[in-house]
Amino acid sequence: MGRGPVQLRRIENKINRQVTFSKRRNGLLKKAHEISVLCDAEVALIVFSTKGRLYEYSSNDRYVHPLLRSPLLPAGCYDRPLGV
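Reading the values: rules and limits
- Residues numbered from 1 in each chain as written.
- Predicted model: local features only at pLDDT ≥ 70, side-chain atom pairs only at ≥ 80, totals over all residues.
- Heavy atoms only, no water.
- Helix = DSSP H or I, 4+ residues; strand = E, 2+ residues; numbered from the N terminus.
- Buried < 20%, exposed > 50% of the residue type's maximum accessible area, 1.4 Å probe, protein only.
- Contact = heavy atoms within 4.5 Å.
- Areas by Shrake-Rupley, 256 points an atom, 1.4 Å probe, with all protein chains shown as cover.
- Salt bridge = Lys/Arg side-chain N within 4 Å of Asp/Glu carboxyl O.
- Pairing = 2+ DSSP bridges.
- pLDDT = per-residue confidence, 0-100.
- Phe/Tyr/Trp six-rings, centres within 6.5 Å; stacked < 30°, edge-to-face > 60°.
- Lys NZ or Arg CZ within 6 Å of the ring centre and 35° of its normal.
- Expected span 1.5 Å × (residues − 1).
- Polar contact = N/O pair within 3.5 Å; in protein donor to acceptor, adjacent residues only side chain to side chain.

**Student:** Teacher, can you tell me more about the overall build of the chain here?
**Tutor:** Counting its secondary structure elements, the chain contains one helix and three strands. When the helices and strands of the chain are placed in sequence order, the string is α-β-β-β. For the chain, the residues scored as buried account for 21% of the 84 residues in total. Taking contacts inside the chain between residues at least 6 apart in sequence as the whole, the part at least 24 apart equals 29%. Total accessible area on the chain stands at roughly 7000 Å², and carbon and sulfur atoms take up 58% of it.

Written as C-alpha cells, this is what we have:
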C-alpha cells in the first residue's frame, strides 16, 4: 500500500525545509541522470537554493550555458553533486 497524496505547501520549520530540499534535490538530480542514460536523452537541470547556491546536472557539458561558468557568479556557488 502506497502513501497518500502530499500536500504541497511551504514547510515552516527551517531545518525540515532544508533537509527536504536536500533530499528532493538529490532525487531530482538522480532522475535526470537516469533518464539521460536509459533513454539516451540530452538532459540539463538547474536548481537554485534559497541562498542562491547553484546545483546543476548536464548529460553533456556543452549544454550548460556559459554564464553558469562565468566569474559573475559568487565564489563557491557552483557545486556538482558527488556521484552523478
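What follows picks up the thread again.
**Student:** Got a minute to help me understand the pattern of salt bridges in this structure?
**Tutor:** Should the charged atoms of two oppositely charged side chains come close, the side chains can pair. Here the structure, examined in full by the defined rule, presents two salt bridges. Across the pair Glu12 and Arg10 runs a salt bridge whose closest N-O atoms are separated by 3.5 Å. What makes Glu12 exposed here is its relative accessible area of 62%. Residue class for Arg10 comes out exposed when judged on its relative accessible area of 53%.

**Student:** So what exactly am I meant to see when it comes to the pairing of strand β2 (residues 54–58) here?
**Tutor:** On a regular strand, one side chain projects to one face of the sheet and the next to the other, so that they alternate. Within β2, five of the five residues are buried, which leaves it mostly tucked inside the rest of the structure. Residue alternation in β2 divides its side chains into two sets, Leu54, Glu56 and Ser58 and Tyr55 and Tyr57, and both sets are buried. Where strand β1 (residues 44–48) lies against β2, five bridges are found, and the strand directions are antiparallel. The partner of Ile46 across the bridge, within β2, is Glu56. In textbook terms, the turn of a hairpin is the stretch between consecutive antiparallel strands, and for β1 and β2 this stretch comprises five residues, one of which, Gly52, has a positive phi near 90°.

**Student:** What is the right way to look at the confidence of the model for the chain in this model?
**Tutor:** It should be kept in mind that the predicted coordinates are not to be read in detail where pLDDT is low. Here the chain averages 80 in pLDDT, while 71% of its residues score no lower than 70. Put simply, strand β3 (residues 78–79) is where the chain has its lowest mean pLDDT, 49, and helix α1 (residues 14–38) is where it has its highest, 95. Low confidence marks residues 80–84, where pLDDT is under 50. Its contacts with residues over four positions away, or in another chain, come to eight contacts.

**Student:** Any chance you could explain the packing of aromatic side chains here in plain terms?
**Tutor:** Two descriptors summarise a pair of aromatic rings, namely the distance from one centre to the other and the angle between the planes of the rings. Taken as a whole and assessed by the stated rule, the structure comprises one aromatic pair. A cation over an aromatic ring shows up here: Arg25 above the ring of Tyr55, its NZ or CZ 4.1 Å from the ring centre.

**Student:** Explain α1 here, please?
**Tutor:** Think of an α-helix as 3.6 residues a turn; residues three or four steps apart then line up on the same face. Over its 25 residues, α1 runs 36 Å from end to end, which matches the ideal 36 Å to within 8%, given 1.5 Å per residue. Inspection of α1 places Arg25, Leu29, Ala32 and Ser36 among the buried residues, and these make up the whole buried set. Along its buried surface, α1 packs onto β1 and β2. Where α1 begins, the capping side chain belongs to Asn13, and its oxygen is found 2.9 Å from the backbone nitrogen of Ile15.

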